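What follows is the residue order along each chain.
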Amino acid sequence: MENPFDNPTTIRTPENFVGREEQLKRIFGLIKNRQNISLVGPKRIGKTSLLTCLRNTSIQQRFQFAGNGFQFLYLDLQRRSMKTHCDFFDDLILALREQSQGYSAEDSFGKDDEFIALLNGFQQRGLHPVLMIDTFDEIARYEELDANVFSVLRSQGNSGQISYITTSVEPLGKIFNKLLVVDSMVSPFDNIFSIIRLRPFSHEEAAFLLMGFSQREGLPFTEQEVQWVLEMAGYHPYLLQQVAAVLFEEKRARGSEAISFSLVRKETQQNLLSHFEDCWHMLNANERQCLLEEVQRQDAGESAYPELSSSALFRDYLQATGELKAKGSVDISISDFTKILDKFDDPKVLGESALITIPYIAAQISQQRAVLPTARGKIVQKVVKEALESIGGQEKRSDNAPDWLDYNILYYILKYDMKRNVIAGRLGMSDRHLYRLLPRAVDRLLGAMLTLEESREPDSVI
């Protein structure tokens, strides 16, 4: 049994490539019409994997693309630009020459002449070259850039002699605005490109990755596990793979025993530290402030940085670095929290518990000037109820709905003060299985309480 999520680098096989159906359809349509494409997206969103899969015959056939009439060429500027004394145009010509089947330039040819001659050679063989320039942001590392080079490239790309596909974190226009050569360009190189933005996965794509891949290896994730991964990772493909890979190993090691979600979370935090550092340091001061506000709102649906702001692990990173005020600093264990929940109907006990130190609850206590333990406890009850609703499932609640399992366990404890064996019978499981699931449900509830917005007035929902 292999771990199906161990793909931290470029996806090279079509069976491991998930989603991007609309983007692929559009890309192949543009290539058919000999157009140029700029793929723009955050770090590790899957840009290079998409380029790699464009050359795959089975994927081409899936989109009715006749790939035999096209020659895909690949140039990675990150690898090339790190070398000393590199010339950007030399690298482009070399990429074409390597696929030119024995072409040799005449001695009198300049670089622009050789470039055009190489394109003519492809045309004579009935092939249209598609030059895929990966990590185009690295163009700024080249020591010498000639505006005439981009004039030649623009001319040939505009005439349909060659198609370019670039990948970058920043849009091409923004990249060129930073280059000294831009002022001497007659016509902008970037305005011959169609822009396709790669964003985080949709919910359907993310669920297919998690459920489909784990099921393929005979160790399927439950719906509750899928929901937990989405809470930790958000919808960024790389973050999803990282969390899922550790969770898969935990499931394989534990067998039928209860999974330690806290262990998976801690290990994944360590694995993603350098990625989060890179993402954070790439932003300027204004962009960082914008991202911090999005994280605090937790409203990734309208976010400029949904690949980060929807991830609980990224929030962990910001809190650990002091960039974000920690909401999870309350000193309470899952075991202690479980014992407190058993006294949920006693406001006085709640009002004297460690739960009153949770920032959101503390803010409500301060606003309402709740001095007596009973008054504080009633506020705790309202906040617990609000947090419970946030961990419910998607459709209408029922006892046998998998995505309502954690909610149901706590619902019957808090609402009806049911005994554990009664709850187990109602939910169709053994007492032992319920006891294995209870810590996870309590952990999710506590996590929801720690991330409630301090400025919003909680409502009673049970």
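Bear in mind that the values here come from a model prediction, so they are computed numbers and not experimental data.

Chemist: What is the right way to look at the packing of helix α9 (residues 203–216) against helix α10 (residues 223–233) in this model?
Modeler: How two helices sit against one another is set out by the angle between their axes and by the gap between those axes. At a minimum axis distance of 10 Å, the contact between α9 and α10 shows a crossing angle of 120°. Put simply, α9 runs oblique to α10. Between α9 and α10 lies a crossing whose hand is right-handed. Here His 203, Ala 206, Leu 210 and Met 211 of α9 come into contact with α10, specifically with Val 226, Val 229 and Leu 230. Taken together, the residues of the contact of α9 with α10 sort by class into six nonpolar, one polar and no charged.

Chemist: Got a minute to help me understand the sheet that holds strand β4 (residues 163–168) in this structure?
Modeler: Sheet strands associate in pairs through backbone hydrogen bonding, adopting either a parallel or an antiparallel arrangement. Taken in spatial order, the five strands make up an open sheet running β2-β3-β4-β1-β5, and their pairing is parallel. In this open sheet, the two edge strands, each paired with only one partner strand, are β2 (70–76) and β5 (193–197). Neighbouring strand axes in the sheet, compared pairwise and without regard to direction, differ in orientation by 20° on average. Looking at chain direction, β2 and strand β3 (residues 128–134) are connected through seven bridges and run parallel.

Chemist: Where do I start with helix α19 (residues 373–390) in this structure?
Modeler: Counting along an α-helix, one turn takes 3.6 residues, and residues three or four places apart therefore face a common direction. The first and last C-alpha atoms of α19 sit 26 Å apart over 18 residues, in line with the 26 Å expected at 1.5 Å per residue. Arg 376, Gly 377, Ile 379, Val 380, Gln 381, Val 383, Val 384, Lys 385, Glu 386, Ala 387 and Leu 388 are the residues of α19 that are buried. Residues of α19 that are buried sit in contact with α16 (334–341), α17 (347–351), α18 (359–367), α20 (405–416) and α22 (431–450).

Chemist: Mind showing me how you'd approach the pattern of salt bridges here?
Modeler: For side chains of opposite charge, pairing can occur when their charged atoms come near one another. Overall, the coordinates contain 19 salt bridges when judged by the stated rule. For Glu 250, the salt bridge goes to Arg 254, with nearest N and O atoms at 2.6 Å. Separated by four residues within a single helix, Glu 250 and Arg 254 lie in helix α11 (residues 237–254), roughly one turn from each other. Salt bridges sharing partners connect three or more residues here, namely Glu 170, Lys 174, Lys 178 and Glu 287.

Conventions used here
The residue numbers shown here count from 1 along each chain, following its written sequence. Given that the model is predicted, a residue must reach a pLDDT of at least 70 before its local features are reported, and side-chain atom pairs must reach 80 or more before they are shown or counted; all residues, however, enter totals for whole chains, interfaces and linings. In computing side-chain properties, one takes all heavy atoms of the structure into account and sets aside hydrogens as well as water. Here an angle of 0 to 180 degrees is reported between the N-to-C directions of two axes, which are lines fitted to C-alpha atoms, with helices fitted over the stretch in contact. Working definition: helices are DSSP H or I runs of at least four residues, strands are E runs of at least two. Numbering for both runs from the N terminus. Reported orientations rely on four angle classes, namely roughly parallel under 35 degrees, roughly antiparallel over 145, roughly perpendicular from 65 to 115, and oblique for the rest. Note on convention: near helix rotated counterclockwise from far helix by under a right angle means a left-handed crossing. Clockwise means right-handed. Only heavy atoms enter the contact rule, under which two residues are in contact if any of them lie within 4.5 Å. Charged means Asp, Glu, Lys or Arg here, nonpolar means Ala, Val, Leu, Ile, Met, Phe, Trp, Tyr, Cys or Pro, and polar covers whatever is left, Gly included. Being paired, for any two strands, means DSSP has found at least two bridges between them. A helix is expected to span 1.5 Å multiplied by its residue count minus one. Burial here depends on accessible area, computed with a 1.4 Å probe over protein chains only, as a share of the maximum for the residue type. Under 20% is buried, over 50% is exposed, and the range in between is partly exposed. When a carboxyl oxygen of Asp or Glu lies within 4 Å of a side-chain nitrogen of Lys or Arg, that pair is called a salt bridge.

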